[in-house]
Amino acid sequence: MRASLPFDRDRPEWWHAAVVGTGLAALLGSLAYLLTTHWQSSRPAFEATAAPGCELHIGPCTAPFDGTRFIQLEFEPKALRPIQPLRVRVETAGFAADTAQIEFSGIHMNMGLIRSELSNAHDGSFYGDLVLPVCARGHMAWRAIVSVQGAAGVHRATFRFEVNRSDG
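Since we're looking at a predicted model, the values are computed, not measured. (Residues numbered from 1 in each chain as written. Predicted model: local features only at pLDDT ≥ 70, side-chain atom pairs only at ≥ 80, totals over all residues. Heavy atoms only, no water.)

Chemist: Break down the state of the cysteines for me, citing the residues and quoting the values.
Modeler: Under the defined criterion, the tally for this structure stands at 1 disulfide. Between the sulfur atoms of Cys54 and its disulfide mate Cys61 the distance is 1.6 Å. With the S-S bond torsion at -105°, the cross-link from Cys54 to Cys61 turns out left-handed. Accessibility expressed as a relative area gives 1% for Cys61, which makes it buried. (Disulfide = S-S within 2.5 Å. Buried < 20%, exposed > 50% of the residue type's maximum accessible area, 1.4 Å probe, protein only.)

Right under this line is the structure:
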């Protein structure tokens, strides 16, 4: 009994090309995956948190990374209410920023993950519009994580804020 080899002489020529092409595609795909995951994991990541006393319903909050780099978050309108349009503005300083996104999650109650890509204004600031869901309670504590990507790596800033349900 003769074992079938991948380049069996009894197979048509197109079959040999398909085997080589499939193998080459798998090799190149694996290499691209490894390079992408290594490149992303080799980029530095910086973490910062806004000061506990900062109140986003009064004005912007800043999360400093050091004396020269920070991310600032601001909402409009200042009176934060669920199911009302919310304008998000992110300012960066001390590092080049290409893209930004913001993620919202409930602190004491799972409200799902609300993620939004922000538009680059090309001056170190980013903008976006979103709506926070209503909570069964009259009061909801939220966490916002702003992630900004650039040549220097990923800068992530965490902000906490509260939303009160309107009484009508």
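Picking up after the structure, the text goes on.
Chemist: Got a sec to walk through the environment of Pro52? Specific residues and values, please.
Modeler: Summarising the element assignment, Pro52 is placed in the loop between β1 (45-49) and β2 (61-64). Between the C-alpha atom of Pro52 and that of Phe161, which follows or precedes it by 109 residues, the distance is 9.5 Å. (Helix = DSSP H or I, 4+ residues; strand = E, 2+ residues; numbered from the N terminus.)

Chemist: Can you break down the sheet that holds strand β7 (residues 125-131) residue by residue, with the values?
Modeler: The sheet built from 9 strands is open, its strands ordered β1-β9-β8-β5-β6-β7-β4-β3-β2 with mixed pairing. Because the sheet does not close on itself, it has two edges, and the strands there are β1 and β2. On average, adjacent strands in this sheet sit at an angle of 25° to one another, irrespective of strand direction. Direction of pairing for strand β6 (residues 114-120) relative to β7: antiparallel, over a ladder of 2 bridges. Residue Asn120 lies in a different strand from β7, and its bridge partner there is Phe126. (Pairing = 2+ DSSP bridges. Axes fitted to C-alpha atoms, helices over the stretch in contact; angles between N-to-C directions.)

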